[in-house]
Amino acid sequence: MSYNLGNMLKERKNKTIFRDGDKTIKLFVKNHLKSNVLNEAINQARVEENTQLNIPKLLEVTTIDSRWALVSEHIEGTTLAELMEKNPDKLDDYLDTFVDIQLEVLSNNVPMLNRIKEKFKNKLNNFDKLNEATKYELLARLEGMKNHTKLCHGDFNPSNIVIKEDGSHYILDWAHATQGNASADAARTYLLFCMQEKNEIAEKYLNLFSGKSGIDIKNIQRWIPIVAATQMSKGIEEEQEFLSNWINVVEYV
Ligand SMILES: Nc1ncnc2c1ncn2[C@@H]1O[C@H](COP(=O)(O)OP(=O)(O)O)[C@@H](O)[C@H]1O
Ligand SMILES: [Mg+2]
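None of these values were measured; they are calculated from a predicted model. (Residues numbered from 1 in each chain as written. Chains lettered and ligands numbered in written order. Predicted model: local features only at pLDDT ≥ 70, side-chain atom pairs only at ≥ 80, totals over all residues. Heavy atoms only, no water.)

Asker: Which residues make up the environment of Ile42, and what values go with them?
Answerer: Tracing the chain through its elements places Ile42 in helix 1 (residues 34-50). Here Ile42 falls in the partly exposed class, since its relative accessible area comes to 38%. With 133 residues separating them in the primary sequence, Ile42 and Ala175 have C-alpha atoms 8.8 Å apart. (Helix = DSSP H or I, 4+ residues; strand = E, 2+ residues; numbered from the N terminus. Buried < 20%, exposed > 50% of the residue type's maximum accessible area, 1.4 Å probe, protein only.)

Asker: Now, about the sheet that holds strand 5 (residues 67-73): what can you tell me, with residues and values included?
Answerer: An order of 1-2-3-5-4 is seen for the five strands of this open sheet, with the pairing classed as antiparallel. Every other strand in the sheet has two partners, leaving strand 1 (8-11) and strand 4 (58-64) as the edge strands with one partner each. Sheet twist, expressed as the mean angle between neighbouring strand axes with direction ignored, is 20 degrees. Contacts from helix 1 reach strand 3 (23-28), strand 4 and strand 5, with the element oriented near 15 degrees to strand 5. (Pairing = 2+ DSSP bridges. Axes fitted to C-alpha atoms, helices over the stretch in contact; angles between N-to-C directions. Contact = heavy atoms within 4.5 Å.)

Asker: Kindly report on helix 3 (residues 91-106), identifying the contributing residues and their values.
Answerer: Its 16 residues place the ends of helix 3 22 Å apart at the C-alpha level, agreeing with the 22 Å of an ideal helix rising 1.5 Å per residue. Among all positions of helix 3, only Leu91, Tyr94, Leu95, Phe98, Val99, Ile101, Gln102, Val105 and Leu106 are buried. Taken end-on, helix 3 shows its buried residues confined to a sector of 160 degrees, consistent with a single buried face. Residues of helix 3 that are buried in the fold lie against helix 2 (80-86), strand 7 (150-152), strand 8 (161-163), strand 9 (169-171), helix 6 (182-195) and helix 7 (199-213). (Expected span 1.5 Å × (residues − 1). Arc of directions from axis to C-beta.)

Laid out in structure tokens, this is it:
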């Protein structure tokens, strides 16, 4: 199958996203690890097959000019991120919808997915630059966390939600999906807002998530240093200093 790559939707560091009619093509840079691409594909397929969630159907895993590509259904609509930008006065309503969708995701079980505690443990163990004492403390904290099996999106942020014109919503981007703890998923969402310097939204989100889920804010906060360390282990230069401040909170929480 050949695709028309004339309509570029988004350009990222390691991939470009195109629309060709009713399909979206996620085209990765040359030499992008095929294990990552195939992992994203299997996660998307497993969520599609094991839940009733609205997600774009995965149509094809292929290569285009020696670059890996994932082809999915195109979802016509506007992301919640774009809506929040466009209509700041409606922020509270959007956040309400956002948290409801996250809780809907978390109410599912997809038994074949990797476990969040295992994934985080591997990331921390392989994070060579993290000082040994902090690593030890974070690993011990992680070990003590309960073994839950809720479907965690892993990158739940407003750019991964598309709202269609009829008001229905679709959830994109399942590359980081795992099964695990709702608090961990919420901690990551909170941190993602903070990393975009959206601190006020981050606090609102945290309160709303805690209120709707019945999970104590403290339980979410306990995950933040762990989640910050896993993000830091990606080695993205401009994030390092910011994230190290969150990891150091470990001593006080
Ligand atoms: N299936 C799709 N339907 C509609 N838009 C999409 C689809 N996949 C991706 N997009 C658009 O491209 C953006 C980036 O895609 P995403 O899969 O979230 O990759 P990234 O890893 O870069 O976040 C999304 O925020 C959305 O605007
Ligand atoms: Mg995304």
